[in-house]
Amino acid sequence: MPTLPCPPDGQLHYVVDDFTDPWRPPETILLLHGNAESGAAWYGWVPSLARRFRVVRPDMRGFGDSTPTPPDFPWTLDVIIGDFVRLMDTLGIERFHLVGAKIGGTIARAFAARRPERVLTLTVVGTPPPMREGAAERAPELAEEFERHGVEHWARRTMAGRLGDRFPAEGVEWWIKFMGRTAVSTQIGFMKTIACADIRADVPKIGCPTLVVTTDGSGLASVDQTRAWQEQIPDSRLLVLPGNSYHVAATHAARCSEATLDFIEHHPGAA
């Protein structure tokens, strides 16, 4: 199982999928998953992406098969970005295309703004506004819920908004169990910090070509609210898909991966 040392005393798990033609050196896509997930969340994207690109899927610090973090771990966006930079350095990949879903899109936007020399293009899918109103105020109540009932209870309670009303029931249950495996200690610390992160100052600094994907009925923000911050990114475009899920990377995986491939391959200077 490929891992990278994750200071102070953990391991960062990751997977590399590469089914490109062996005689052509491929470009790389780094996929950043959302809260209470792992790199396995990209199951619907990998088949199409990995035929044309080397795909790197880390389990973010604390999540999936990476080492859980204690509730008092000093989470910052720069710590997470630093983990991913070290991973790509270890793999010998200098520049890459960056894709993030949900809170992974928040991390990805900060990544592109703060480490522009590493990011070729940016795609964010179903990601929240640069600052989530009320998130910090709700964090203590959520921490109590995690401690008393576990992460699965929260995942089940909130899954309808995440996946909308058209996702198959069996799929909803899979996602509940998948997210519910997250360590309570990780989730408590993450929700108090990264889930409340304010990246409003980062958004206008994003200089790479950027694709923003949302649904017309997303519970995270209206189309107009999403467009308001998307238009602060100089070289960006907005793709709005029909539906009322906000985890559009899961509910519209085929359409999103197709749009991402098209964006990367046809945007001038991207590939």
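In the block above lies the structure referred to throughout.
As the structure is a prediction and not an experimental result, all values here were calculated from the model.

### Topic: the overall build of the protein chain
Argument step 1. Check the secondary structure of the protein chain and you find 10 helices and eight strands.
Argument step 2. Each of the three principal axes of the protein chain carries a C-alpha extent, and together these read 55 × 45 × 40 Å.
Argument step 3. Scored against the burial criterion, the 271 residues of the protein chain give a buried share of 57%.
Argument step 4. Here the analysis covers contacts within the protein chain between residues at least 6 apart in sequence; of these, 76% occur between residues at least 24 apart.
Argument step 5. Taken as a whole, the protein chain presents about 11,500 Å² of accessible surface, with 53% of it coming from carbon and sulfur.
Argument step 6. Each charge class in the protein chain can be summarised by its mean position, and for the 28 positive and 33 negative side chains these summaries are 1 Å apart.

### Re the nonpolar core
Argument step 1. Leu30, Leu98, Ile107 and Phe111 are the most contacted members of the largest nonpolar core, which totals 43 residues.
Argument step 2. Secondary-structure elements contributing two or more residues to this core are strand E1 (3-6), strand E2 (10-17), strand E3 (28-32), helix H2 (77-90), strand E5 (96-101), helix H3 (103-114), strand E6 (119-125) and helix H8 (223-230).
Argument step 3. What Phe111 contacts, discounting residues up to four positions off in sequence, is Leu30, Ile81, Phe84, Val85, Phe96, Leu98, Pro116, Arg118 and Val119.
Argument step 4. Formed by 24 residues, the second largest nonpolar core is a distinct cluster that contains Val99, Leu241, Ala253 and Ala259.

### Considering the environment of Ala253
Argument step 1. Inspection of the secondary structure assignment puts Ala253 in helix H10 (residues 253-266).
Argument step 2. For Ala253, a relative accessible area of 13% translates into the label buried.
Argument step 3. Placed 209 residues apart in sequence, Ala253 and Gly44 show a C-alpha to C-alpha distance of 5.4 Å.

### Focus on H3
Argument step 1. Given a rise of 1.5 Å per residue, 12 residues ought to cover 16 Å, and the 17 Å separating the end C-alpha atoms of H3 matches this to within 8%.
Argument step 2. Burial within H3 is extensive, with 11 of its 12 residues counted as buried.
Argument step 3. Every buried residue belonging to H3 is among Ile103, Gly104, Gly105, Thr106, Ile107, Ala108, Arg109, Ala110, Phe111, Ala112 and Ala113, and all of these are buried.
Argument step 4. Where H3 is buried, its residues meet E3, H2, E5, E6, helix H7 (184-192) and H8.

### Quick word on the pairing of E2
Argument step 1. Summarising the sheet, E1 and E2 pair through four bridges and their orientation is antiparallel. When the sheet's bridge partners are listed, Pro5 is paired in E2 with Gln11.
Argument step 2. Connecting E1 to the antiparallel partner E2 that follows it, the hairpin turn spans three residues.
Argument step 3. Where E2 and strand E4 (residues 54-58) come together, four bridges link them in antiparallel fashion. Paired with Tyr14 across the strands is Pro58, a residue of E4.

What counts and how
- Residues numbered from 1 in each chain as written.
- Predicted model: local features only at pLDDT ≥ 70, side-chain atom pairs only at ≥ 80, totals over all residues.
- Heavy atoms only, no water.
- Helix = DSSP H or I, 4+ residues; strand = E, 2+ residues; numbered from the N terminus.
- Buried < 20%, exposed > 50% of the residue type's maximum accessible area, 1.4 Å probe, protein only.
- Contact = heavy atoms within 4.5 Å.
- Areas by Shrake-Rupley, 256 points an atom, 1.4 Å probe, with all protein chains shown as cover.
- Lys, Arg positive; Asp, Glu negative; His and termini not counted.
- Charge placed at Lys NZ, Arg CZ, Asp CG, Glu CD.
- Core = buried A, V, L, I, M, F, W, Y, C linked by side-chain atoms within 4.5 Å.
- Expected span 1.5 Å × (residues − 1).
- Pairing = 2+ DSSP bridges.

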